[in-house]
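# Architecture at a glance
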Amino acid sequence: MSTTPFVYPEGCFFNSLEDIKDKHITVMGLGLNGGGEASVRFLLKHGAYVLVTDMKTPEQLKPTIDSISQDKSLDTSRLTYVLGEHRIDDFANADCVIKNPGVKIQGNKYLQAAKAIETDISLFLKFTKAKIIAVTGSKGKSSTVSAIYYGMQHTGFDAFLGGNITVSPLTFLEETSENSVVVLELSSWQLADLRGRKLLKPYISLITKIVPDHQNWYGNMGDYVADKRLIYADQTAEDFTVVDYDGDAIGTGPSCGGTWGDLFARETKGKVIRYSKNDLEAHAKGTDGAWQSYDDDNVFSGMVKLPGWTKPKKVLSKLKVPGQHMKCNTMNAALVLAIMGVEPSKIEEVLASWSGIPHRLQYFHSWTSKNGQVFKFYNDSCATVPEAAAAASQAFGKPVVFITGGTDKGLEFNVLADTLNYKASYSTKTAGNYLLAGTGTDKLVKLLDNDKTEYKGPYNSLDELLDAVKADLENASKDFVTDVVVFSPGATSFGMFTNEFERGNKFMSKVEEKF
């Protein structure tokens, strides 16, 4: 059942940066990933009295607290911490509350007591004069924004990257100007916190492939995608909206029928640009967009056709990053660069050197077994949905030793199970499956057991799991079918790890310790 979304007042509580001075502002959630810290630093710099409240303890937040306290440029006499609890008065008495996107406003007694609520994203959008490229979706957001940013850095733009990719745009707000371009990755939660404000007016909005995600939060696809749709809500006919052309998985599309991409294309006021795995020239003549093309020798090219172009142009060829899904992400980056006026040949040259980002099929270690076989290890910890893990298992065009599993967030694991038991027409059988324990893994195990798919585990720690992997690889024959080991959880990290970044870092450190 759909819920009525919260709508914020139009605009921003602060009319100018000078308005921040001497205001009493409560920051809800300090955290360890930089968002809360960036808000605290920004507000102190502009003369506010800041109260930080977080359910975590001082011990848990020590790295962030130390980082702030050691910065002598900040007037920490204006800073107060209330940790291990929230107090209603800290919200009710504040002039404004800076909200953590991971906290629902509906039913939250603390936020309901606030006079005004902002986020680091709303503050940034209020005060920046930069051109915005905004990206949301379910799969590939971080890789896509990182490839766009990399391309812009290497083609002469004054470019910045922030948002859900763990860099708060407040850290670079005052470096931006009307000549800057800011690439923002925006989660559905961050978008929901902008509903009604009319602050997000991106020159280019891009929605990556939509699959079920965060269903433990939303409960249904309609509410989840309703937040995604906010990315183009205030675009104009001068802007561009980039959306999927291909179909959705059975049962995951709009309740009104058709595809999510078609729904987005109908709704937006911007110029619609589509992307596809298939040749748009052949299947949708006259459609502007980007697609993958293969010649008779199966050699890949990424093609783009924009409004006003008489014929498509090649923008991608050889790529460093592995996998079909990374071709999609890099192709969308190429499409954005083309919209921004970069020459196709330059796009092809620059993106050929992009090597991806941490925790997304990140190659980080090699190890030689006793019999002389070299194994390469890849960290894909930011794969937090089953579809992403399924894609990672197939990314190398050959069998892989596959490590997966984690905490459930209300998703179905059928796609991953069908890939691992190679029911799916596209799937290559893995060389071994190792499961990390969690509530999501429990759901996967039932599906694998039903199909008699072989696996080892679930293991209750990375140590146990990697010991098992190492023992098996040490005993593997010299003609073992693969040299690739991939960690792609397909689930959240909560419980065993603080977040997917800590999970990825711990995986890499444990591998380097044991192999």
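Shown above is the structure to which this text applies.
Within any chain, residue numbers begin from 1 and follow the written order of that chain's sequence. Only residues with pLDDT of at least 70 get local features here, since the model is predicted, and only at 80 or more are side-chain atom pairs given and counted; chain-wide, interface and lining totals rely on the full set of residues. By convention in this description, side-chain values take in all heavy atoms of the structure and omit both hydrogens and water.

Let us now look at the overall build of the chain. From N to C terminus, the chain includes 18 helices and 20 strands. Relative to the 2.2 N^0.38 estimate, which gives 24 Å for 515 residues, the radius of gyration of the chain is 23 Å and therefore close to what a compact globule would have. Projected onto the principal axes, the alpha-carbon positions of the chain cover approximately 70 × 60 × 45 Å. Summary of the burial criterion: residues with accessible area below 20% of their type's maximum are buried, those above 50% are exposed, and those between are partly exposed, where the area comes from a 1.4 Å probe applied to protein chains only. Within the chain, the fraction of its 515 residues that count as buried is 57%. We call two residues in contact when some of their heavy atoms are within 4.5 Å. Long-range pairs, those at least 24 residues apart, make up 70% of the contacts in the chain with a sequence separation of at least 6. Only the protein chains shown count as cover for residues, and all accessible areas are computed by the Shrake-Rupley method using a 1.4 Å probe. Approximately 21600 Å² of the chain is accessible, and the part contributed by carbon and sulfur atoms is 49%. Distance between charge centres in the chain, computed from 56 positive and 62 negative side chains, equals 1 Å. Secondary structure elements follow DSSP: runs of H or I no shorter than four residues count as helices, runs of E no shorter than two count as strands, and numbering proceeds from the N terminus. Only C-alpha atoms enter the radius of gyration; for comparison, a globular chain is expected to reach 2.2 Å times N to the power 0.38, where N is the number of residues. Positive: Lys, Arg. Negative: Asp, Glu. His and the chain ends are not part of the count. To locate a charge, the coordinates of NZ of Lys, CZ of Arg, CG of Asp or CD of Glu are taken.

Time to look at the packing of aromatic side chains. Two rings from Phe, Tyr or Trp (for Trp, the six-membered ring) form a pair when their centres sit within 6.5 Å of each other. Planes less than 30 degrees apart are called stacked, planes more than 60 degrees apart edge-to-face, and all others tilted. Taken as a whole, this structure holds 18 aromatic pairs when the rule is applied. Between tyrosine 363 and tyrosine 378 the ring centres are 5.5 Å apart and the planes differ by 50 degrees, which places this aromatic pair in the tilted class. Of the two residues, tyrosine 363 sits in strand β15 (residues 362-368) while tyrosine 378 sits in strand β16 (residues 374-379), which places them 15 residues apart along the sequence. On the accessibility criterion, tyrosine 363 (43% relative accessible area) is partly exposed. Their ring planes at 70 degrees and their centres at 5.8 Å tell us that phenylalanine 364 and phenylalanine 507 sit as a pair that is edge-to-face. Within this pair, whereas phenylalanine 364 is found in strand β15, its partner phenylalanine 507 is found in helix α18 (residues 500-514), the two being separated by 143 residues in sequence. Of the residues examined, phenylalanine 507 reaches a relative accessible area of 0% and is grouped as buried. Each member of the aromatic cluster is reached from another via a ring pair, and the members are Phe364, Trp367, Phe375, Phe377, Phe480, Phe487, Phe507 and Phe515. Whether a charge sits over a ring depends on NZ of Lys or CZ of Arg being within 6 Å of the ring centre and within 35 degrees of the ring normal. For arginine 197, the ring lying beneath its charged end belongs to tyrosine 8, and the centroid distance is 4.0 Å. Geometry around phenylalanine 515 places lysine 470 over its ring, the cationic atom sitting 5.8 Å from the centre.

Let's shift gears to helix α10 (residues 260-267). All of the buried residues along α10 are Trp260, Gly261, Leu263, Phe264 and Ala265. Those residues of α10 that are buried are in contact with β9 (204-207), α9 (221-228), β10 (240-244) and β11 (271-276).

A separate point is the environment of aspartate 223. Tracing the sequence through the fold places aspartate 223 in helix α9. Considering only alpha carbons, one finds aspartate 223 and threonine 3, 220 residues apart in sequence, at a separation of 7.3 Å.

The term disulfide is used for any two cysteine sulfur atoms that are within 2.5 Å. Per the counting criterion, the structure on display carries zero disulfides. We note that cysteine 12 lacks a disulfide partner, and the nearest cysteine sulfur, in cysteine 96, lies 7.2 Å from it. Taking relative accessible area as the criterion, cysteine 12 reaches 12% and is therefore assigned buried.

What follows deals with the nonpolar core. Among the buried residues, those of types Ala, Val, Leu, Ile, Met, Phe, Trp, Tyr and Cys that are joined through side-chain atoms within 4.5 Å form a nonpolar core. Counting 54 residues, the largest nonpolar core has Val40, Leu43, Val50, Phe124, Leu125 and Leu200 as the members making the most contacts within it. Apart from residues lying up to four places away in sequence, valine 50 is in contact with Ile25, Val27, Val40, Leu43, Leu44, Arg78, Leu79 and Thr80. The next biggest cluster of nonpolar side chains, apart from the first, holds 41 residues, and it includes Val181, Phe300, Val342 and Leu351.

Further remarks concern the sheet that holds strand β1 (residues 24-28). At least two bridges found by DSSP between two strands are what make those strands a pair. Spatially, the five strands line up as an open sheet ordered β3-β2-β1-β4-β5, and their pairing is parallel. Each end of this open sheet is capped by a strand with a single partner; those strands are β3 (79-83) and β5 (117-118). Of the pairings in the sheet, the one linking β1 to strand β2 (residues 49-54) comprises five bridges and is parallel in character. In the strand pairing of β2, isoleucine 25 is matched with valine 50.

Right, let's talk about the sheet that holds strand β19 (residues 456-459) for a bit. Picture the strands of a sheet paired through backbone hydrogen bonds; they go either parallel or antiparallel. If you trace the six strands from one edge of the open sheet to the other, you get β15-β16-β20-β17-β18-β19, paired in mixed fashion. At either margin of the open sheet sits one strand with a lone partner, and together these are β15 and β19. When the angles between neighbouring strand axes are averaged without regard to direction, this sheet yields 15 degrees. Each axis is a line fitted through C-alpha atoms, and for a helix only the stretch in contact is used; angles between axes span 0 to 180 degrees, taken between their N-to-C directions. Helix α17 (residues 462-474) contacts β15, β16, β17 (401-404), β18 (432-436), β19 and β20 (484-487) of the sheet and is inclined by roughly 165 degrees relative to β18.

This part covers empty space enclosed by the protein. Buriedness for pockets is judged along seven lines, at least five of which must meet protein on both sides within 12 Å for an open set on the 1 Å grid over protein atoms alone, while cavities are sets there where a 1.4 Å probe fits but cannot get out, and lining residues have an atom within 4 Å of a point. Grid points are joined across faces, edges and corners, and a volume is the space filled by probe spheres set on the points. Applying the stated criterion to the full structure yields one cavity of 30 Å³ or more. Of the voids in this model, the largest cavity is the one considered here, and its volume is about 30 Å³. As for the largest cavity, its lining consists of Ile207, Thr208, Lys209, Ile210, Asp244, Asp248, Trp260, Gly261 and Phe264. Three categories are distinguished: nonpolar for Ala, Val, Leu, Ile, Met, Phe, Trp, Tyr, Cys and Pro, charged for Asp, Glu, Lys and Arg, and polar for the others, with Gly belonging to the last. Of the residues assigned to the lining of the largest cavity, the class counts are four nonpolar, two polar and three charged.

Bringing the pattern of salt bridges into the picture now. For this document, the term salt bridge refers to a Lys or Arg side-chain nitrogen within 4 Å of an Asp or Glu carboxyl oxygen. A full pass over the atoms with the stated rule returns 25 salt bridges. Measuring nitrogen to oxygen at the nearest pair gives 2.8 Å for the salt bridge that ties aspartate 90 to arginine 87. For aspartate 244, the salt bridge is made with lysine 209, and the minimal N-O distance between the two is 2.9 Å. Of the two residues, aspartate 244 sits in strand β10 while lysine 209 sits in the loop between β9 and α8 (215-218), which places them 35 residues apart along the sequence. According to the relative accessible area criterion, lysine 209 is partly exposed, its value standing at 24%. Residues joined by salt bridges that share partners form a network here, namely Asp463, Asp467, Lys510 and Lys514.

Attention shifts here to the side chain of aspartate 90. Within the element layout of this structure, aspartate 90 appears in helix α3 (residues 88-92). Using a relative accessible area of 9% as the deciding quantity, one classes aspartate 90 as buried. Setting aside residues no more than four positions away along its own chain, aspartate 90 makes contact with Thr26, Leu51 and Val82.

For the rest of this paragraph, the subject is the environment of valine 135. Along the polypeptide, valine 135 turns up in strand β6 (residues 131-136). Separated by 28 residues in the primary sequence, valine 135 and glycine 163 have C-alpha atoms spaced 9.6 Å apart. The contact partners of valine 135, leaving out residues within four places of it in the chain, are Lys141, Thr144, Val145, Ile148, Leu184, Glu185, Leu186, Leu206, Thr208 and Ile231.

On to the environment of leucine 319. Assignment of secondary structure puts leucine 319 in the loop between β14 (313-316) and α12 (324-339). Judged by its relative accessible area of 22%, leucine 319 is partly exposed. Each C-alpha atom, one on leucine 319 and one on alanine 92, is 53 Å from the other, the two residues being 227 residues apart in sequence.

It is worth spelling out unusual backbone geometry at this point. Residue proline 458 is bonded to the preceding glycine 457 through a cis peptide linkage, with omega at 0 degrees. With respect to the secondary-structure elements, proline 458 resides in strand β19. Non-glycine residue lysine 198 carries a positive phi angle of around 60 degrees. Topologically, lysine 198 is positioned in the loop between α7 (188-192) and β9.

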